[in-house]
Amino acid sequence: MLKDVTLGQYFPGDSVVHRLDPRTKILLVILYIAALFNAESWVGYGVMLVCLGAAIAVSGIRLSSMVRGLKPIVFIVILTSLLNLFYSTGEVLVQFWIFKITREGIKAAILMAARLVMLVMGTFMLTYTTSPIMLTYGLELLLNPLKKLKVPVHELAMMMSMALRLIPTLIEETDKIMSAQKARGAEFDTGNLIDKAKAMLPILVPLFLSSFRRADELATAMEARCYHGGEGRTRLNVLKLAFRDYAALVLGVLVLAGIVVLARFGL
Amino acid sequence: MNEPILKVENLTHIYSPGTPFEMTALDNIDLDIYKGEILGIIGHTGSGKSTLIQHLNALIKPTSGRILLEGRDINESKQSVREVRGKVGLVFQYPEYQLFEETVYRDIAFGPKNMKLDPAEIDRRVRLAARFTGVEESLLERSPFDLSGGQKRRVAIAGVIAMMPEVLVLDEPMAGLDPGGREEIMENIMTYHRETGAAIVIVTHSMEEAASRADRMAVLSHGKVAMTGTPEEVFARGEELRRMGLATPVMTDVADKLRALGVELPGTVYTVEQMVSALMELEGGKRRA
Amino acid sequence: MENIAINIDNVTFFYTPEDGEEAPRDVLSNVSLKIEKGSFVAVLGHNGSGKSTLARHLNALLLPKGGSVTVFGMDTRDEALTLEIRRRVGMVFQNPDNQIVSNVVEEDVAFAPENLGIPTPEIRKRVDEALRAVGLYEFRAHAPHLLSGGQKQRIAIAGVLAMRPKCVVFDEPTAMLDPRGRRDVMDIIERMKNGLGSTVILITHHMEEAAQADRVVVMSDGKVVMDGAPRQIFTRVRELEDLGLTVPGTVKLMWELRNRGVDVPLAALTADECAGALAEHFKANNRATSA
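Because the structure is a prediction, the values reported are computed rather than measured.

Here the focus is the overall build of chain B. Per the secondary structure count, chain B includes eleven helices and ten strands. Computed over its C-alpha atoms, the radius of gyration of chain B comes to 21 Å, within 12% of the 19 Å expected for a compact globule of 289 residues. Dimensions of chain B along its principal axes, counting C-alpha atoms only, are 70 × 55 × 35 Å. Pairs at least 24 apart in sequence give 62% of the contacts found in chain B among residues at least 6 apart.

See the structure below:
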């Protein structure tokens, strides 16, 4: 049941998208999001959709995996679309009770849904094609200048990678504890909201305790392997920007510029 | 032998069917568990043992096939699922990590409470289960998290025993304990078995323990039941067991080697006691001569 | 002193009590042990006997409250030497899940060398070498959480080998493994000892594993109560059973036979040895009978 969670999932591969430097991919996602929020018209969205589609096609990630990842946000997408649908002013098409649907409302609803879906899919492109370790390493390098401002960049990156490392273990653990309590007759799907919340206790208490225990043991093991903060650390895999990274970044900037220009002309 | 209490019929379980991760964990399994017997299930990691035992109380639903509890399909209705959870108790690996209540008493009472028993009956069962598992009265009001590893394990097992299951299934109940702790847990389980006549199913990869207690053994390999029979019958097929990646009891190894060296031993020998009596026979023969 | 890898001198340890708690009980009291370079020492004892606490003193994870621990000539209390000590004394823990730091096998193995600031090409060399040593080179790009317990434990060992330690402490490395995983881990330990000449300290509950060591140390209530060759230790059947421990099944068999007046040697640490000794005894009998 919990095995369907795609958070932090990584699909190993050898495509150009996979091989891009994680820093490049992080910057591209930022450019992509900026462009998405600047796009205002069908044309703008069309351009963004082509970019996203091209990236997905090149990466070799299956569309079904992308769609499966969208499940958790379906509710939010529908809700925001509905709000946009009913709360826009303009040319009224249908009217009933206190609701009126306008031409502008329909457009806003569709574009808002598209924006959210494309936003999530774009970030998936980053996490699906970049191993968590590489992702945090990239982030650490990008944020390195902040070290001058006493921001604990290395520690934050290490925390993030440890969290990502523990996610699969904790998911497995949750499954196991749930089964064990079910075997003792616990039921998680009956009763009202309060009953259901109470029923979570036999899962949450052991889960918290075991997370603390694991974190403690992991910290000891890291210490035993000479971990002593970021100072003087070297890397097995050193990141180097290649030609393709520069090319991808230039392309990204051009797309953003294009979208901004289009928006200027009301497109 | 008497009639089976649990019957596993043509059970197949496939994980993530229709995806690239599709995996057949159980492949057409038939297995009977008889009233009051001690059944040892052995198999290497990935042989399907855990998947199988989770089917026995409807935690996992079969892809195909059925499990019958006293002749009725356990997955028939919500009610039958509830019933099987009470009648087939399942103790997972490292069960002490599932303790959650403030006191030992309340943790042991969790199962009986879920069965909606009346308070007097719950109290009776908690104390009985504590007695079976050697959890002293004075510990009942303590927090389970203050206990030693071995005590925690016994409390966790008491939590399942308190449901008074007719079949008690335990997955590697002695894993990670020191020899003294292992012996105690095994004794606790045997006490429950003797006093209630419940069937015991022990999943283990420790051949010594399986050998010394089980009436019958089932060997799982690659999702199939590769052998069933008495320990004598199973251990007589030592070479096959070793090919399946299972270690044979050390006494079987000694017996095989002795035979190879030309010492004649009767039948199958797999425990120290059996070996002692077999060798004393030989010694006696010599002394008489 | 030259051939001594670790010198534990009169070590006492207790956990400092929190406010309001009663006075602490000694977890270790006056423990002294000298561990020779290149030796394979097994440490036995029931749960709570202080074995793991002792182990954590060997690489400065814990510091003695009384006495001292000297590792390859370095006092563990000297903070400036902590890293030097830890790179020489590697440690493998019981639960493989809780010592793996990365989602990629080779990144995990690289963790210690990275911490030590070793240059990238050298890390690559060491990682490949360590993964080959544990037979998991083909799995270098895999996610550890999808591997079996035994494989995970071998990755943890590779992670320690990548430091090129002179001594490795194993704290119940096989407790959570199935027979196959256990055998794989024991094979690696055997190879480390013979091939690499490393000093190995193995804490275990499995008497058969301890029987493979050169020396067995038995602990009880924070003290060393027995110390000697496996042959000497495992023949003290009664004493071990009183300590909540067992002896290998083969020794138990010999002991039972001797109690019944059969004249067989007590020390039989392997099935081969046991069968050999028994065959000799009983065939001699047969000859005596037929003669």
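Next comes the rest of the write-up.
Here we come to unusual backbone geometry. A positive phi angle, near 65°, is found at Ala58(B), a position not held by glycine. When you line up the elements, Ala58(B) lands in the loop between helix H1 (49-56) and strand E4 (64-69). With a phi angle near 65°, Ala60(C) is a residue other than glycine that sits in the positive phi range. Position of Ala60(C) relative to the elements: it lies in the loop between helix H1 (51-57) and strand E4 (66-71). Take Ala60(C): its relative accessible area is 9%, and that puts it in the buried class.

A few words now on the pattern of salt bridges. Scanning all chains against the criterion turns up 54 salt bridges over all chains. A salt bridge links Glu37(B) to Arg216(B), with the shortest nitrogen-to-oxygen separation between them at 2.8 Å. Taken as a pair, Glu37(B) in the loop between strand E2 (23-34) and strand E3 (38-42) and Arg216(B) in strand E9 (residues 216-221) lie far apart in primary sequence, 179 residues in all. Per residue, the accessibility class of Glu37(B) equals that of Arg216(B), and both read buried. Residues Lys252(C) and Glu256(C) are paired through a salt bridge, measuring 3.7 Å at the closest nitrogen-oxygen approach. With Lys252(C) and Glu256(C) both in helix H11 (residues 249-259), this residue pair falls four residues apart, about one helical turn. For Lys252(C), a relative accessible area of 21% corresponds to the partly exposed category. You can call Glu256(C) buried: its relative accessible area is 18%.

Okay, the interface of chain B and chain C next. Each partner contributes residues to the interface: chain B has 30 residues there, and chain C has 34 residues. Surface buried jointly by chain B and chain C totals about 2,700 Å² across both partners, of which 69% is contributed by carbon and sulfur atoms. One can count one salt bridge joining chain B with chain C. With a closest N to O distance of 3.6 Å, Asp272(C) and Lys257(B) form a salt bridge. Linking chain B with chain C are four residue pairs in polar contact (both at pLDDT 80 or more). Where the side of chain B that touches chain C is concerned, the elements lending two or more residues are helix H6 (179-196), helix H10 (250-260) and helix H11 (272-288) of chain B. The dominant element in the side of chain B that touches chain C, judged by the number of residues it contributes, is H11(B), at nine residues. For the side of chain B that touches chain C, the class distribution of residues is 18 nonpolar, six polar and six charged.

Before going further, it helps to spend a moment on the sheet that holds strand E2 (residues 28-36) of chain C. Whenever strands of a sheet pair, they do so through backbone hydrogen bonds, lying parallel or antiparallel. All names here are of chain C. An order of E2-E1-E4-E5 is seen for the four strands of this open sheet, with the pairing classed as antiparallel. The open sheet terminates on both sides in strands that have one partner only, identified here as E2 and strand E5 (74-75). In the sheet, strand E1 (residues 4-13) pairs with E2 via six bridges, with the strands oriented antiparallel. Bridging across to E2, Ile-4 finds its partner in Glu-36.

This brings us to the sheet that holds strand E7 (residues 167-171) of chain C. Residues and elements named next belong to chain C. Strand order in the open sheet made by the six strands is E6-E7-E8-E3-E9-E10, with mixed pairing throughout. Of all strands in the sheet, those with a lone pairing partner are strand E6 (89-92) and strand E10 (223-228), marking the two edges. On average, adjacent strands in this sheet sit at an angle of 20° to one another, irrespective of strand direction. Relative to strand E8 (residues 199-203), E7 runs parallel, the two being bridged by five bridges.

Criteria and cut-off values
- Residues numbered from 1 in each chain as written.
- Chains lettered and ligands numbered in written order.
- Predicted model: local features only at pLDDT ≥ 70, side-chain atom pairs only at ≥ 80, totals over all residues.
- Heavy atoms only, no water.
- Helix = DSSP H or I, 4+ residues; strand = E, 2+ residues; numbered from the N terminus.
- Rg over C-alpha atoms; globule rule 2.2 N^0.38 Å.
- Contact = heavy atoms within 4.5 Å.
- Buried < 20%, exposed > 50% of the residue type's maximum accessible area, 1.4 Å probe, protein only.
- Salt bridge = Lys/Arg side-chain N within 4 Å of Asp/Glu carboxyl O.
- Buried area = accessible area lost by both parts, 1.4 Å probe.
- Polar contact = N/O pair within 3.5 Å; in protein donor to acceptor, adjacent residues only side chain to side chain.
- Nonpolar A, V, L, I, M, F, W, Y, C, P; charged D, E, K, R; others polar.
- Pairing = 2+ DSSP bridges.
- Axes fitted to C-alpha atoms, helices over the stretch in contact; angles between N-to-C directions.

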